[in-house]
Amino acid sequence: GALPPTHVAAQALAQLDGGIPAFWCLPFLIVATASGAVLGGCRFKGPPIDGSVEIGYGVAKSERGRGIATAALAKLIEVAAATGEVRQIVAHILPSNIASSKVVAKLGFSKGHTFVDSDGEVVVHWAYPVAS
């Protein structure tokens, strides 16, 4: 359960085939330093549009609650900011996903509006302003 779901890989490969640079669409694996075990994955869901980039992430059920998602997202924020192309990072989270909502809130994301995404799911828009 640590590897990204197959639909994430398929979506990323389609973006790559469409000419999107790998950096902005392929997943990064979250790997334990000591053991080398894969704990989860995270990624940008595409290139920045008007300075805004969406992120996605997941951690194996057996590894949740240990700060892994928080550390991975903090690194994604750092990496996005270093590109100079990103002014805002967004995450779209199911209202029922309390753990993910806590992670982004802890990192300084602001809770925004609720809407129906392109997959037909009701999600909450969370936004993080990247310092320039």
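Everything discussed here concerns the structure shown above.
These lines cover the structure that appears in this document, whether it is placed above or below. (Residues numbered from 1 in each chain as written. Predicted model: local features only at pLDDT ≥ 70, side-chain atom pairs only at ≥ 80, totals over all residues. Heavy atoms only, no water.)

### Things to note about the layout of surface pockets
Computed from the structure, the largest pocket encloses a volume of approximately 1300 Å³. Along its surface, the largest pocket is lined by 43 residues, and Gly56, Tyr57, Gly58, Asn97 and Ser100 are the ones closest to its centre. Secondary-structure elements contributing two or more residues to the lining of the largest pocket are helix 1 (6–17), strand 2 (38–44), strand 3 (52–59), helix 2 (68–83), strand 4 (88–93) and helix 3 (98–106). Element by element, the count of residues in the lining of the largest pocket is highest for strand 3, at 6 residues. What the second largest pocket holds in volume is close to 190 Å³. (1 Å grid on protein atoms, 1.4 Å probe; cavity = no way out; pocket = protein on both sides within 12 Å on 5 of 7 lines; lining within 4 Å. Points joined across faces, edges and corners; volume = space filled by probe spheres on them. Helix = DSSP H or I, 4+ residues; strand = E, 2+ residues; numbered from the N terminus.)

### Notes on the nonpolar core
Formed by 27 residues in total, the largest nonpolar core has its most connected members in Ile55, Ile89 and Phe109. Elements represented by at least two residues in this core include exactly strand 2, strand 3, helix 2, strand 4, helix 3 and strand 6 (122–129). Broken down by element, this core gets its largest block of residues, 7 residues, from helix 2. Non-local contacts of isoleucine 55, meaning those with residues more than four positions away in its chain, are made with Arg43, Phe44, Lys45, Leu73, Leu76, Ile89, Val90, Ala91 and Phe109. (Core = buried A, V, L, I, M, F, W, Y, C linked by side-chain atoms within 4.5 Å. Buried < 20%, exposed > 50% of the residue type's maximum accessible area, 1.4 Å probe, protein only. Contact = heavy atoms within 4.5 Å.)

### Quick look at the packing of aromatic side chains
Taken as a whole and judged by the stated rule, the model has 6 aromatic pairs. Aromatic side chains phenylalanine 23 and tryptophan 24 sit 4.8 Å apart centroid to centroid with 85° between the ring planes, which places their arrangement in the edge-to-face category. With relative accessibility at 5%, the residue tryptophan 24 sits in the buried group. Ring plane angle 40° and centroid distance 5.5 Å describe the contact between phenylalanine 23 and phenylalanine 44, whose orientation is recorded as tilted. Of this pair, phenylalanine 23 sits in the loop between helix 1 and strand 1 (28–31) while phenylalanine 44 sits in strand 2; the two residues are 21 residues apart in sequence, bridging distant segments of the chain. (Phe/Tyr/Trp six-rings, centres within 6.5 Å; stacked < 30°, edge-to-face > 60°.)

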